[in-house]
Amino acid sequence: MKAVLPSRRGSVGMLLAAAVLTVSVACTSSSDDGASASSCAFLVDYQNHEYSDVANVDFTVGDKLGPATLPSCDDTPNDDDDAQTPTSTTAYAVKGVDPSIAIAVGESPGDARLVAVYSGNRIPPEVKELIRGS
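These numbers come from a predicted model, not from an experiment. (Residues numbered from 1 in each chain as written. Predicted model: local features only at pLDDT ≥ 70, side-chain atom pairs only at ≥ 80, totals over all residues. Heavy atoms only, no water.)

Colleague: Kindly report on unusual backbone geometry, identifying the contributing residues and their values.
Modeller: As a rule of thumb, non-glycine residues mostly have phi less than zero, and peptide bonds are mostly trans rather than cis. Its identity is not glycine, yet Asn-48 carries a phi of approximately 65°, on the positive side. Position of Asn-48 among the secondary structure elements: in the loop between β3 (43-46) and β4 (49-53). The phi torsion at Asn-56 lies on the positive side, around 60°, for a residue other than glycine. The topology assignment puts Asn-56 in the loop between β4 and β5 (61-70). (Helix = DSSP H or I, 4+ residues; strand = E, 2+ residues; numbered from the N terminus.)

Structure (structure tokens):
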């Protein structure tokens, strides 16, 4: 009888599936005290592109690109608080990746997080290369 060992390719596939699932869920509800609480997905608008958060990546922040916008989030539509406004943040280049594919955003390069443009819930190949363990 031959032992079947998990392949590295299968692990990468599972990691990518988890990443896509993470960004495809727009809002979730949970709370430590049993009350309902919601949160929106982390989205960024920059130069007419919408970027979504990417987890578990190794990247190097490049030059400052300019302002980006975190859209408003109305995750509790019946709370009569529709006055939420978009928030401004700073966009940075990601070394080795075109800004039309992925950027880093944050108040400083040290706290920047990677966001990428998804096409049909597919992570761009340039970003797949940055995912840890791939």
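On we go.
Colleague: Go over the environment of Thr-89 with me, naming the residues and quoting the values.
Modeller: Along the chain, Thr-89 turns up in strand β6 (residues 87-94). Separated by 20 residues in sequence, Thr-89 and Thr-69 have C-alpha atoms that sit 6.0 Å apart. Non-local contacts of Thr-89, meaning those with residues more than four positions away in its chain, are made with Gly-66, Pro-67, Ala-68, Leu-70, Val-105, Gly-106 and Glu-107. (Contact = heavy atoms within 4.5 Å.)

Colleague: Could you give an account of the pairing of strand β7 (residues 102-106), with specific residues and numbers?
Modeller: Extensive coverage of β7 is indicated by the burial of five of its five residues. Alternating positions in β7 separate into two faces, Ala-102, Ala-104 and Gly-106 on one and Ile-103 and Val-105 on the other, with burial throughout. Alignment of β6 against β7, held across three bridges, turns out to be antiparallel. Bridging across to β7, Tyr-92 finds its partner in Ala-104. Where β7 lies against strand β8 (residues 113-116), four bridges are found, and the strand directions are antiparallel. If you follow Ala-102 over to β8, its bridge partner there is Ala-116. Between the antiparallel neighbours β7 and β8 lie six residues. (Buried < 20%, exposed > 50% of the residue type's maximum accessible area, 1.4 Å probe, protein only. Pairing = 2+ DSSP bridges.)

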